[in-house]
Number of protein chains: 2
Amino acid sequence: MHRFYAEAEGRIAGEELNHLMRVLRLAPGEEVEVLWAGRRYLARLTVVTKEGAAYETIAELDGHEPRCRVTLYQGLCKGEKMDFIVQKCTEMGVCAIVPVMMARSVAKPGKTEQKTERYSRIAREAVKQCGRSHVPEVRPALSFAEALEDMRRRQRILMPYEEGGAPFAQAIAEQDVGLLIGPEGGIAPQEAEAVLRAGGQAVTLGSRILRTETAGLVALTLTLHCAGDLT
Amino acid sequence: MHRFYAEAEGRIAGEELNHLMRVLRLAPGEEVEVLWAGRRYLARLTVVTKEGAAYETIAELDGHEPRCRVTLYQGLCKGEKMDFIVQKCTEMGVCAIVPVMMARSVAKPGKTEQKTERYSRIAREAVKQCGRSHVPEVRPALSFAEALEDMRRRQRILMPYEEGGAPFAQAIAEQDVGLLIGPEGGIAPQEAEAVLRAGGQAVTLGSRILRTETAGLVALTLTLHCAGDLT
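Here the focus is the relation of the copies chain B and chain A. Of the two same-sequence chains, chain B is brought onto chain A (RMSD 0.0 Å, axial shift 0.0 Å) by a rotation of 180°. In the structure described here, the two chain copies are related by an operation that fits a two-fold rotation axis. When the interface residues of chain B are mapped onto chain A, 100% of them again lie at the interface, so the same face is used by both copies.

What follows is about the pattern of salt bridges. All names here are of chain A. Here the structure, examined in full by the defined rule, presents 38 salt bridges over all chains. In this structure, E65 engages R132 in a salt bridge whose closest nitrogen and oxygen atoms are separated by 2.8 Å. Of this pair, E65 sits in the loop between β5 (52–61) and β6 (69–75) while R132 sits in the loop between α3 (112–130) and β8 (137–138), placing them 67 residues apart in sequence. For E65, a relative accessible area of 30% puts it in the partly exposed group. Of the charged contacts in the structure, one is a salt bridge between D150 and R139, with a shortest N-O distance of 2.9 Å. Separated by 11 residues along the polypeptide, D150 in helix α4 (residues 144–151) and R139 in the loop between β8 and β9 (142–143) bring together distant segments of the chain. A relative accessible area of 4% means that D150 is categorised as buried. Three or more residues are tied together by salt bridges with common partners; here these are R139, D150, R153, R154 and D176.

Okay, the sheet that holds strand β3 (residues 31–36) of chain A next. All names here are of chain A. Taken in spatial order, the five strands make up an open sheet running β1-β3-β4-β5-β2, and their pairing is mixed. The strands lining the two open edges of the sheet, one partner per strand, are β1 (3–5) and β2 (11–12). The sheet contact formed by strand β4 (residues 39–49) and β5 spans nine bridges and is antiparallel. From the neighbouring strand, V47 faces β5, where its bridge partner is A54. Sheet contacts for α3: β1 and β3; angle to β1, the most-contacted strand, approximately 145°.

For the rest of this paragraph, the subject is helix α6 (residues 212–226) of chain B. Residues and elements named next belong to chain B. With 15 residues, α6 should cover 21 Å at 1.5 Å per step; its first-to-last C-alpha distance of 21 Å lies within 8% of that length. By the criterion of burial, α6 is predominantly enclosed, with 15 of the 15 residues buried. Note on α6: the residue one or two positions beyond its end, G228, has a positive phi of about 75°.

Confidence in the prediction for chain A averages 94 pLDDT; 100% of positions are at 70 or higher. Quick note on the complex model: pTM equals 0.93, ipTM equals 0.92.

Turning our eyes to something else, we now look at helix α1 (residues 14–23) of chain B. Residues and elements named next belong to chain B. Those residues of α1 lying buried are E16, L17 and L20. Angular distribution of buried residues about the axis of α1 spans 100°; they occupy a single face of the element. Opposite its buried face, α1 presents the exposed residues G14, E15, R22 and V23, each directed more than 90 degrees away. Residues of α1 that are buried make contact with β1 (3–5), β2 (11–12), β4 (39–49), β5 (52–61) and α3 (112–130). Following α1 by one or two positions, R25 adopts a phi angle in the positive range, close to 50°.

A few words on the environment of R132(B). Residue R132(B) is classed as buried on the basis of its relative accessible area of 0%. Remark: the alpha-carbon pair of R132(B) and D62(B), spanning 70 residues in sequence, is separated by 8.1 Å. In this view, R132(B) contacts R208(A), L35(B), R40(B), G63(B), H64(B), E65(B), C89(B), T90(B), G93(B), V94(B), C95(B) and V127(B); residues no more than four positions away in its chain are not counted. Of note is the side chain of R132(B), whose polar atom sits 3.4 Å from the backbone oxygen of H134(B).

Here is what the cut-offs are and how they apply
- Residues numbered from 1 in each chain as written.
- Chains lettered and ligands numbered in written order.
- Predicted model: local features only at pLDDT ≥ 70, side-chain atom pairs only at ≥ 80, totals over all residues.
- Heavy atoms only, no water.
- Least-squares fit on C-alpha atoms with pLDDT ≥ 70 in both.
- Contact = heavy atoms within 4.5 Å.
- Salt bridge = Lys/Arg side-chain N within 4 Å of Asp/Glu carboxyl O.
- Helix = DSSP H or I, 4+ residues; strand = E, 2+ residues; numbered from the N terminus.
- Buried < 20%, exposed > 50% of the residue type's maximum accessible area, 1.4 Å probe, protein only.
- Pairing = 2+ DSSP bridges.
- Axes fitted to C-alpha atoms, helices over the stretch in contact; angles between N-to-C directions.
- Expected span 1.5 Å × (residues − 1).
- pLDDT = per-residue confidence, 0-100.
- Arc of directions from axis to C-beta.
- Polar contact = N/O pair within 3.5 Å; in protein donor to acceptor, adjacent residues only side chain to side chain.

Rendered as structure tokens:
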């Protein structure tokens, strides 16, 4: 079934309307799925005009949201890698993504507004595709110190780190977990120490060295698995 | 430390030599890592000339190979997705990749030799990058019937399937596991039934719908985790 974002409750407009009318040529009476305010609904189109489409809600659907909310603190890396991370981690169920300027980040944060808009579009598309209801927020880039402050608000901080770390062995009971992934060059020792002092826990993703964009997805998979969310 | 593939025991030549001499300008006496015959060595360069470089082996290094050998049977999908799958699954520790022409495959197998050479190059690069020693074989595409025969040789077959499947909950004791991932359109019901009849097991990767190139990496991660290989 086709999925659309509502612009307001009961109303589809803009690009979504364009897609509904011109590409799919849907007519009143047809059933669609609607994403609105972080929820997912089964709905029936009642009006379709150039000005907007209206729908009536039939039922709320399962939003397929993990119980465990994972915030990915991603060491800033090159553009196409960030695109990949946003897309794949959204599919997999990430709650929010925070780019972090780290000691070994080569990439620059760039024009924040443009970037944020681009990532937000990628996340929205991925949400539509995978059938979940919450669009992860991709926040503007933070400095490492700011990110560390933000991480302290999480119930648990996990940091995949090459220099030894515990395997993902135990159940994760916390519902608000932060994951810190280094940029291309990895996490600098002083950054790792700061995270450990802040109560973070070093974990391992196995003995092979993963690219930064692979590490986030793998760590997210293992976190949601250990939280019992992949059932 | 820089890593090179040997062309023969004790000898580095071709593109690898070019990289060693012209890009990195390494000289005799310098230590390098050498990948040869599926093993990884610490070595010292003894001769560097345009005709070839010679080295003496100092010690064998850990090859970082998982104990559990996972063969990924990947429903044939579009080119850039296959590139991604080969790269990411090699990093993560896949043993072999078999493209499979499935009922819902949109992509065509293409010129087998060219494809195989391309995938092999991607896999070799990924092996160098991640520090493992075995280059996964990317085999020529098989029909679904051929792939099913091949799967029967595995000790266990896992098939992520949307229509209900068991979570990755128990330890995987087998050392030779096959993973079947559908193409963009998913696994057709008659294919799923054939796999179940062949002794395969349906598993779930969570309730969100993953793109085909994401599903393979996520399933490989969970398989190696349950096999105790991510420690």
